[in-house]
Every structure is written in C-alpha cells, then in structure tokens.
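# Topology and contacts: notes
Here is how the chains run, residue by residue.
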Amino acid sequence: MNRLPIDLKNADLFKQEAFINGQWTKGTEKKTFPVYNPFNKMIIAEVSDLQVSDLDHAVQAANIAFPTWAKLTSYERSSILTKWHNLIIENERDLATILTLEQGKPFQEALGEIRYGATFIDWFSAEAVRVYGDIIPSPDANKRISVIKQPIGVVVAITPWNFPNAMITRKIAPALAAGCTVLVKPAEDTPLSALALAVLAKKAGIPKGVLNILPTSKPVIAGDFFCAHKNIQKISFTGSTKTGKYLMEKGAATLKKLSLELGGNAPFIVFDDADVDAAVKGAILSKYRNAGQTCVCTNRFLIHANILDAFNEKLALEVNKMKVGDGFLDDTQIGPLINEAAIKKVNFLLNDAIEKGAKIFYSKNTSVDITVISPIILTQVTPDMALSKEEIFGPISAITSFSTEEEAIYIANNTEFGLASYIYTKDNARIHRVTEALQYGMVGVNTGIISYAAVPFGGIKESGFGREGSKYGIDEFQILKYICTDIS
Ligand code: SIN
C-alpha cells in the first residue's frame, strides 16, 4: 500500500483566488473561506470569498467579452478549445491530485474524471463547427426563409462537488463552443479544481472575460443575484431538486432559460434470465463509483426473487474486496463522503431503513475514520423507507425483490425522479419492452456505466430538463433565429 505524492509538478495550478476578466483577484472585501480535505478534515486552502459586487463585476466582464467571442469563427473557438483540452491532458496528474485533495475520491478515479471531463472539451471543440441552420421552403414565392443558430449570451454554470472537474467542462465546453461567455460558481466544498481549469484556459488563449470562476461561500445570495440579473441569459445547474426548483422560481422574474440536472433515484433491475455475474460487476460500478455520490448511482436494486440469494451473495463477495479510506492510498476504492452533513444523511437513511425492517445482509466495520463509510448491503428494503425515496449518496446497497416484469416496472417508476435506470436481462424483446416503459431519461442495458461525452445526459420528471453532452448539448446554449426575406 503506497501513499501517492501530493506535490504538484505544476504548482501554478493550485490557485486560491477568484478568476474574473482574465485576472486573479481576492475580491473587493478580500475575504476567504476554508476548503477541507474531506478525508482528514485538514484545511487545504483559503479561497477568495466573492461578494455580490464582485459577481456583478464578472457579469460586466462576460457581457463585454460576449460580442467579440461570439463573432470569432467557430473554427477559431474550436481551435482554442482543442488547446485547452490538450493542456488538461498534459496536466492530468496534477489536476487529479487537486481533485482527490478537495473531493476525496481515489486518485485513479480522479484521474478518470479528469479524462472524462476533457472529453467534453474535445467533443464540443468538434461540435462547434457543426452547428447548422435550416433553409425552409417558403409558402410565399417572393420570400426566402432561413433559420440560424446564435449563442444565447452570458451563461452561469452552477456546479456540484461530486464531479468538481467534469460537471464544469460538461457545461462550459458547449457554451464556449456556441460562442457564449461563462461564469462558473463552483461548489463551496470543491472550488480548487475549477480554478485550476481556469489557469489552463488562460494559457490556451481563452480571452479575458470569456470564462470567469467565482468562488463564494454564499450560494443562495449568488443564485438570487444570477437569477435576477438581466444580462445573464441562461443558468445551467447540477445539484439537488430542491435547489433546482428554487432557481426556477427565482429565475421566473427574468424568464431565465434553465438547464437542470437534478436528483435521481436509479433502479437497477436484474431479471432472472440475466447473467448474474455480469449484473454484480455492473452493480459495483454503478453503486460504488465516487463512494455512491453520483446522481446516476444505483439507489434501488430490484432483483428477481429466483436469483435474489445468488445476487446478494455474489455482491457481498465483491463488496468485501473493496478498500475504503484515503484516496491517496493506491489500493483505496471508496473514499470519504464529502462532509459531515453527507455522513449524517447517510446514517439517517440507514437507521430509518433498519427501524422499518430492512436487514443488514453485509457490513464490515472497517471505517478508518469517521469521514469514511464502509459499504453496507441491506435487504428486505420497502418503498416506505426514506432510502427508497431519496438519493442515498453513499455506499449503501438497498435491495428489494420482485416476481414479475410488470411489478419491476411499477416499482422502478414509482418515484418522482427520472434520471438514470439500469436493467439486466438476456431477453431481447424484454429489453425493448422494459426500456420503453421506464420513465427515465437514461437506461443502461446490461451495463452499469452510461456516461460519455457523446450521449445526451439528462433526466425527466423531477430530475430536471435539458441535455448535456452529445450533439444535443450545444442546443442548450443557442437561440434559433428565423429570418424571412422579401425578394420581390
Ligand atoms: C452526476 O452525478 O451528476 C454526473 C455523473 C456522471 O456524469 O456520470
């Protein structure tokens, strides 16, 4: 077991100041807030804590930069994005180190996130030059009708702590490719990865004002400010459904265009014709990625009664091999939860489930620190338990059994959420029936991993709206303009 070095090759990437209009700044009041290593609770940075006047300065900078950035050819924007992508890959180990330091996920997983994050920049640098309009046959012989796509304007990206790199690039790469200028409000727990991205963005030639990184310890005040500001045209948010609804309510005053990637309650359905070993492999990937702290992590395992025992036993065998602890130890697979509130929430969900009759099928009390929760497998989970209704966001597998396809579909859809879902079956007709019946934005069939830059990531129902990644992702940052020309 080796501890990885946490010295950075490129120490310039470790920034603690905000980034506005191409400059590093402490903000008008020069206040700071602490950032912690979630594993050992040590303060790792004191980051500039911006006030509303600083945010306003950033909006002005983005607004001034917008027309020039929008007027570049898409080839010019594409080429700058490609340079940024290449710099990220060159610095991937340093970026992953910063990510593990502030977020806690195991270093190899952090490295995976940096590469995953970079694929969005690569993808949208290519999409930038594939934004097509339309020529529409005219109903009037003397008129010509065309449709063009233009950048929407100044965009705010409000990003979560669970993917401090990739959830930023997934939002801002399409925005920049479209010709928008961007303000990023990173999560208070994890602003360092965002600031490191800005160092490389500047080096890649992203002009001043085009990308601004705005750390602040006052997310509600910042959200209110963004929602009310008339020069901000769009907010793209990833986070809780509660906050998404709040932004929608506040944004109504200025009719803000929104993309909301909100909570999930992913079912993972294993039918009795499935390859159980493959299902367990997929279950591990889907459930334990980032210690269970992703919106697409399995929340509810629905296992056919005929294979329940086999599935539970095989899952426990695999879970038993997983090491929990410090993300900088090279054999750690499950890092700490992000903060105390997260740990409290997971403990509450666990106790609530046990009080209501869930049974602990597997638990190994190997917690090395109160910040780390060892994986637990619960069986006999029922819909009245809080963890059947809310995102667990921790390494607890909650298992329920079913007997018929209809029952599985009913349980899976019996939630207000609709982000990711998973099914395991070898029956081709069933794949079509069930994927069509599931009320979710995304369905994984015989796989526990579904996230790529090339796919439209997003949910339905109270999991939000808008799609990130894919050929559709850039649409979120564009307006359609219809032009009718009289040629008589
Ligand atoms: C998320 O948790 O919001 C994103 C996870 C992913 O991109 O797979």
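Residues numbered from 1 in each chain as written. Predicted model: local features only at pLDDT ≥ 70, side-chain atom pairs only at ≥ 80, totals over all residues. Heavy atoms only, no water.

Taking 1.5 Å per residue as the helical rise, helix α1 (residues 52-71) with its 20 residues ought to reach 28 Å, and the 29 Å between its terminal C-alpha atoms agrees with that figure. The principal kink in α1, of about 35°, is found at A65, preceding the proline P67 by one to four residues. The set of residues buried in α1 consists of D54, L55, A58, V59, A61, A62, A65, F66 and W69. (Helix = DSSP H or I, 4+ residues; strand = E, 2+ residues; numbered from the N terminus. Expected span 1.5 Å × (residues − 1). Bend = angle between axes of the 7 residues up to and from the residue. Buried < 20%, exposed > 50% of the residue type's maximum accessible area, 1.4 Å probe, protein only.)

Bringing the side chain of R467 into the picture now. With respect to the secondary-structure elements, R467 resides in the loop between β19 (464-465) and β20 (478-486). Notably, R467 is buried but unbridged: the nearest opposite-charge side chain belongs to E476, and the N-O separation is 6.7 Å. A polar contact of 3.0 Å, which involves the side chain of R467, links it to the backbone oxygen of G459. (Lys, Arg positive; Asp, Glu negative; His and termini not counted. Salt bridge = Lys/Arg side-chain N within 4 Å of Asp/Glu carboxyl O. Polar contact = N/O pair within 3.5 Å; in protein donor to acceptor, adjacent residues only side chain to side chain.)

All right, on to the site of the ligand then. By nearness alone, 13 residues border the ligand, and Y116, E261, R289, C295 and S451 come closest of all. E261 has a polar side-chain atom sitting 2.9 Å from an oxygen atom of the ligand. R289 places a polar side-chain atom, nitrogen or oxygen, 2.9 Å from an oxygen atom of the ligand. Burial of the ligand by the protein amounts to 100% of the accessible area it has alone, namely 260 Å². Per-class residue counts for the shell around the ligand are six nonpolar, four polar and three charged. Of the residues that make up the shell around the ligand, three or more belong to each of domain 1 (11-262 + 464-483) and domain 2 (266-453). (Near = heavy atom within 4 Å. Areas by Shrake-Rupley, 256 points an atom, 1.4 Å probe, with all protein chains shown as cover. Nonpolar A, V, L, I, M, F, W, Y, C, P; charged D, E, K, R; others polar. Domains from an automatic or database assignment.)

Domain assignment breaks the chain into domain 1 (11-262 + 464-483) and domain 2 (266-453). One C-alpha centre belongs to domain 1, the other to domain 2, and the line joining them spans 31 Å. Across the boundary between the two partners, domain 1 contributes 28 residues, which contact 29 residues of domain 2. Surface buried jointly by domain 1 and domain 2 totals about 2200 Å² across both partners, of which 62% is contributed by carbon and sulfur atoms. It is F39, P106 and W161 that lose the most area in domain 1 upon contact with domain 2, and together they represent 27% of the buried surface on that side. Elements with a minimum of two residues in the side of domain 1 that touches domain 2: α3 (92-103) and α4 (107-127). The leading source of residues in the side of domain 1 that touches domain 2 is α4, at six residues. Its residues placed into classes, the side of domain 1 that touches domain 2 shows eleven nonpolar, ten polar and seven charged. (Contact = heavy atoms within 4.5 Å. Buried area = accessible area lost by both parts, 1.4 Å probe.)

What follows is about the packing of α1 against helix α7 (residues 219-228). For the pair α1 and α7, the least separation of the axes is 10 Å and the interaxial angle reads 40°. In terms of crossing hand, the pair formed by α1 and α7 is right-handed. Side by side, α1 and α7 meet where V52, L55, D56 and V59 of the first sit next to I221, A222, F225 and F226 of the second. Each residue belonging to the contact of α1 with α7 can be placed in one class, and the counts come to seven nonpolar, no polar and one charged. (Axes fitted to C-alpha atoms, helices over the stretch in contact; angles between N-to-C directions. Left-handed = near helix turned anticlockwise from the far one by under 90°.)

Now for the sheet that holds strand β6 (residues 143-151). If you trace the three strands from one edge of the open sheet to the other, you get β5-β6-β20, paired in antiparallel fashion. Two strands bound the open sheet, and with one partner strand each, they are β5 (134-136) and β20. Looking at each pair of strands side by side, their axes are set apart by 25° on average, direction ignored. Both β5 and β6 contribute to a ladder of three bridges, which runs antiparallel. Note on β6: the bridge partner recorded for I135 is S146. (Pairing = 2+ DSSP bridges.)

The subject of this paragraph is the state of the cysteines. By definition, a disulfide links two cysteine residues through a covalent bond between their sulfur atoms. Evaluated as defined, the whole model comprises zero disulfides. C227 forms no disulfide, and the closest cysteine sulfur to it belongs to C180, at a distance of 17 Å. Since its relative accessible area comes to 0%, C227 is described here as buried. (Disulfide = S-S within 2.5 Å.)

Okay, the confidence of the model for the chain next. Residue-level pLDDT values for the chain average 96, and 98% of them are 70 or greater. By mean pLDDT, helix α11 (residues 340-355) is the weakest element of the chain at 95, and strand β9 (residues 211-213) is the strongest at 99. (pLDDT = per-residue confidence, 0-100.)

On to the pairing of strand β18 (residues 442-445), then. Of the two faces of β18, only one is covered, namely that formed by M442 and G444; the face formed by V443 and V445 stays uncovered. In this region the chain leaves strand β17 (residues 420-424), passes through helix α14 (residues 428-437) and returns to the parallel neighbour β18; the handedness of that crossover is right-handed. (Right-handed = clockwise from strand over helix to strand, strands pointing away.)

Here we come to the pattern of salt bridges. Evaluated as defined, the whole model comprises 19 salt bridges. Across the pair K105 and E113 runs a salt bridge, and its minimum N-O distance is 2.5 Å. Taken individually, K105 and E113 each receive the classification buried, so the pair is uniform in this respect. Its salt-bridge partner being E318, residue K321 comes within 2.9 Å of it at the nearest N-O pair. The exposure class of K321 is exposed, given its relative accessible area of 54%. One continuous salt-bridge network, built from bridges that share partners, spans R170, K171, E261 and E468.

A separate point is the nonpolar core. Core analysis: the largest hydrophobic core is formed by 63 residues, its most contacted members being W84, I88 and L211. For W84, the contacting residues outside a window of four places in its chain are I121, I172, L176, L197, L200, A201, A204, I206 and L211. Membership of the second largest hydrophobic core comes to 58 residues, among which are W161, V296, A386 and A420. (Core = buried A, V, L, I, M, F, W, Y, C linked by side-chain atoms within 4.5 Å.)

In this section: the packing of aromatic side chains. Inspection of every chain in the model, using the stated rule, returns nine aromatic pairs. On the basis of an interplanar angle of 65° and a centroid distance of 5.1 Å, the ring pair of Y116 and F120 is categorised as edge-to-face. Taken together, the residues span about one helical turn, with Y116 and F120 both in helix α4 at a distance of four residues. As far as the burial class goes, Y116 and F120 line up, both buried. Each member of the aromatic cluster is reached from another via a ring pair, and the members are F268, F301, F311, Y422 and Y424. A cation over an aromatic ring shows up here: K15 above the ring of W24, its NZ or CZ 5.2 Å from the ring centre. We note K234 situated over the ring of F477; from NZ or CZ to the ring centre the distance is 5.1 Å. (Phe/Tyr/Trp six-rings, centres within 6.5 Å; stacked < 30°, edge-to-face > 60°. Lys NZ or Arg CZ within 6 Å of the ring centre and 35° of its normal.)

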